[in-house]
Amino acid sequence: MKRLIFISLLFFVVTSPLSYSQTRNNTNRSDASVNSKPGLMSITELNAGLGIYLVNEDYAKRVANLTSILGIGLSKNLTGGIGVGVSLYNGGTLVPLFADFRYFFNLGKTRFFVLGEGGIFINSNKTEDLPKYLASPGFGLVLPVSKNLSVNLAACLFSQFRRKDFSHDSFINGKLGITYTFKRN
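Residues numbered from 1 in each chain as written. Predicted model: local features only at pLDDT ≥ 70, side-chain atom pairs only at ≥ 80, totals over all residues. Heavy atoms only, no water.

## Digging into the overall build of the chain
Inference 1: Secondary structure summary: the chain contains 2 helices and 8 strands in total.
Inference 2: Reading the helices (α) and strands (β) of the chain from amino to carboxyl end gives α-α-β-β-β-β-β-β-β-β.
Inference 3: Burial status across the chain gives 34% buried among its 185 residues.
Inference 4: Excluding contacts between residues fewer than 6 apart, the proportion of contacts in the chain whose partners are at least 24 apart in sequence is 56%.
Inference 5: Of the roughly 11600 Å² of accessible surface on the chain, a fraction of 65% belongs to carbon and sulfur atoms. (Helix = DSSP H or I, 4+ residues; strand = E, 2+ residues; numbered from the N terminus. Buried < 20%, exposed > 50% of the residue type's maximum accessible area, 1.4 Å probe, protein only. Contact = heavy atoms within 4.5 Å. Areas by Shrake-Rupley, 256 points an atom, 1.4 Å probe, with all protein chains shown as cover.)

The following block contains the structure:
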């Protein structure tokens, strides 16, 4: 009799956690922060940076950018897109054309991303006939505002290179952006 009660009790203890069938509902998270593969998205960012290498030359002391990126979800947490913008330097104005990739991940209830950008500058001043290339790795934070809208804050190391002599100019960049995700119904 004791053995039968022990086996019944053991069976009940093992099967009761497995039979709990209610889903967890976390009301603290909005849809913008848990969407792992968004469809089409538009990112508009305002960037500002200070030169950290050679700051006595044109296009090397400070920069302010306004960029717009059209992106799409590539895999579970990876997005990619193409962007264009206007870059205002201490020596003139350049137009960047670049690719943007972002990998999103959660730490607790907060959503972060790692980004990488690379592309080419179109020189609107025609002061140099050589193209300049850009590379910008960084990391950031996503703050959801509504179902389709979120605010991005990021920090980057922005570098631009010239092909002729392999010289470069680097900036510490801060980014403030708005992301609008076009939801599929």
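## Concerning the confidence of the model for the chain
Inference 1: Of the residues in the chain, 74% reach a pLDDT of 70 or more, and the chain-wide mean stands at 81.
Inference 2: Contacts of residues 28-34 to residues separated by more than four positions or lying in other chains number 16 contacts, the stretch itself having pLDDT below 50. (pLDDT = per-residue confidence, 0-100.)

## Digging into the environment of Gly-49
Inference 1: Residue position: Gly-49 is located in strand β1 (residues 40-51).
Inference 2: With sequence-adjacent residues up to four places away left out, Gly-49 is seen in contact with Arg-62, Val-63, Phe-171, Ile-172 and Asn-173.

## Here's the deal with a nonpolar patch on the surface
Inference 1: A cluster of nonpolar side chains, namely Leu-40, Leu-70, Ile-72, Leu-74, Ile-82, Phe-101, Tyr-180 and Phe-182, defines an oily patch on the protein surface of about 750 Å² accessible area.
Inference 2: Exposure remark for Ile-82: the relative accessible area of 61% places this residue in the exposed category. (Patch = residues over 30% accessible without salt bridge, like charges linked within 9 Å, V, L, I, M, F, W, Y side chains within 5 Å. Salt bridge = Lys/Arg side-chain N within 4 Å of Asp/Glu carboxyl O.)

## Brief notes about the pattern of salt bridges
Inference 1: Per the counting criterion, the structure on display carries 4 salt bridges.
Inference 2: Put simply, Glu-45 and Lys-175 hold a salt bridge, and the shortest N to O gap is 3.5 Å. With Glu-45 in strand β1 and Lys-175 in strand β8 (residues 168-181), this pair connects stretches of sequence that are 130 residues apart.
Inference 3: What makes Glu-45 buried here is its relative accessible area of 1%.

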